Amino acid sequence: MKKPLSIFIGSIAFLVCVLFGVSTTFYSVGFNTTASMEKGFYYQTMDQGTLNYGDIISFRLDEETAEKVHAERYIGSHQKLLKFVGGLPGDKVDIIENKICVTPKGKNIACLWGEIKEKDKDGNNTVCLLKPCIIPQNKVLAMATHWGSFDSRYFGLVEISTVTKMKKF
């Protein structure tokens, strides 16, 4: 009885390895362990076209931005971030009493995306690169579901060309 079970388990393990190898060759797979977004496995979607509100995106900060906001305190070197799209090109971004308000293009109602904290959880001063603006055509506002997350509140808008659309398994 042990031999068929061993063959079955070995076959499943082989299949998982092959699928993981194929998937990481053609598109991105990752596991989120932070509170920024729901924990679990995420994979790159086949549709990398138009971004929409709420789409999950993955990207790396450019070195200059990472240095300005002291990213090393929050993420590893060259680590990808996982966030959701909270603002699209043409949307108006306001900062009112340290809170981000986004008014979608063509709408009169703003959504509130969270407070910009002056200090992080360890008592370090934070840096905010986000400024009130109309989001340019080549950028998005990248937000997180956790109130204390490291997101566009601090590192500013993200270049659309650097993002990968993701989905949770």
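Residues numbered from 1 in each chain as written. Predicted model: local features only at pLDDT ≥ 70, side-chain atom pairs only at ≥ 80, totals over all residues. Heavy atoms only, no water.

> I tried to follow the overall build of the chain on my own but got confused; where do I start?
In terms of regular secondary structure, the chain is built from 3 helices and 11 strands. Buried positions account for 35% of the 169 residues belonging to the chain. Partitioning the intrachain contacts of the chain with sequence separation of at least 6 by distance along the chain shows that 62% fall at a separation of at least 24. By element, 59% of the accessible surface of the chain is carried by carbon and sulfur atoms, the whole surface being about 10600 Å². (Helix = DSSP H or I, 4+ residues; strand = E, 2+ residues; numbered from the N terminus. Buried < 20%, exposed > 50% of the residue type's maximum accessible area, 1.4 Å probe, protein only. Contact = heavy atoms within 4.5 Å. Areas by Shrake-Rupley, 256 points an atom, 1.4 Å probe, with all protein chains shown as cover.)

> Explain the nonpolar core to me, please; I cannot follow it from the model alone.
Taken as a class, soluble globular proteins show a tendency for nonpolar side chains to be buried jointly. With 32 residues, the main nonpolar core has I57, F59, L61, I100, F150 and F155 as its most contacted residues. In this structure F59 touches Q79, K80, L81, K83, A142, F155, V158, T162 and V163, once residues within four positions along its chain are discounted. (Core = buried A, V, L, I, M, F, W, Y, C linked by side-chain atoms within 4.5 Å.)

> Would you take a moment to explain the environment of K99 for this structure?
Take K99: it is sitting in strand β6 (residues 99-103). When its relative accessible area of 31% is taken as the criterion, K99 is described as partly exposed. For the pair K99 and K117, spaced 18 residues apart in sequence, the C-alpha to C-alpha distance is 9.0 Å.

> Is there a simple way to explain the side chain of D91 in this structure?
By the element assignment, D91 lies in the loop between β4 (81-87) and β5 (92-96). K105 provides the closest opposite charge to the buried, salt-bridge-free D91, at an N-O distance of 7.9 Å. Among the polar contacts made by the side chain of D91, one reaches the main-chain amide nitrogen of L88 at a distance of 2.8 Å. A distance of 2.8 Å separates a polar side-chain atom of D91 from the backbone nitrogen of K105. The residues touching D91, leaving out its near neighbours within four places in the chain, are Y53, V102, T103, P104, K105, C133, I134 and I135. (Lys, Arg positive; Asp, Glu negative; His and termini not counted. Salt bridge = Lys/Arg side-chain N within 4 Å of Asp/Glu carboxyl O. Polar contact = N/O pair within 3.5 Å; in protein donor to acceptor, adjacent residues only side chain to side chain.)

> I keep staring at unusual backbone geometry and nothing clicks. Help me out?
Most peptide bonds take the trans form, and the phi angle of most residues other than glycine is negative. At H70, a residue that is not glycine, the phi angle is positive and equals roughly 55 degrees. In this structure, H70 sits in the loop between α2 (63-68) and β4. In this model, N98 sits at a positive phi of 65 degrees, which is unusual for a non-glycine residue. By the element assignment, N98 lies in the loop between β5 and β6. Overall, N98 belongs to the partly exposed group, its relative accessible area being 32%.

> Can you help me understand the side chain of T45 in this one?
Tracing the backbone through its elements, the reader meets T45 in the loop between β2 (40-44) and β3 (56-59). Residue T45 is classed as buried on the basis of its relative accessible area, which comes to 9%. Discounting residues that sit within four places of it in the chain, T45 has contacts with K165, M166 and K167.

> Quick question: what am I supposed to make of the sheet that holds strand β9 (residues 139-143) here?
The strands making up a sheet associate through hydrogen bonds between their backbones, and the pairing can be parallel or antiparallel. Strands sit in the order β1-β2-β11-β3-β4-β9-β10 across an open sheet of 7 strands; the sheet is antiparallel. For this open sheet the edge positions go to β1 (29-32) and β10 (158-159), each flanked by a neighbour on one side alone. As defined by bridge partners, β3 adjoins strand β11 (residues 164-168) across 3 bridges and the pair is classed as antiparallel. Bridge pairing links I57 to K165 in β11. (Pairing = 2+ DSSP bridges.)

> I'm lost on the layout of surface pockets in this one. Help?
Quantified by volume, the largest pocket comes out at close to 780 Å³. T34, S36, Y74, S149 and F150 are the residues nearest the centre of the largest pocket, which is lined by 34 residues in total. Residue assignment for the lining of the largest pocket shows that the elements contributing at least two residues are β1 and β4. With 4 residues, the top contributor of residues to the lining of the largest pocket is β1. Tallied by class, the residues present in the lining of the largest pocket amount to 14 nonpolar, 12 polar and 8 charged. Within this model, the second largest pocket holds a volume of roughly 280 Å³. What lines the second largest pocket is a set of 16 residues, and nearest its centre among them are T65, K139, F155, L157 and V158. (1 Å grid on protein atoms, 1.4 Å probe; cavity = no way out; pocket = protein on both sides within 12 Å on 5 of 7 lines; lining within 4 Å. Points joined across faces, edges and corners; volume = space filled by probe spheres on them. Nonpolar A, V, L, I, M, F, W, Y, C, P; charged D, E, K, R; others polar.)

Fair warning: the whole summary comes from geometry, so function is off the table for now.
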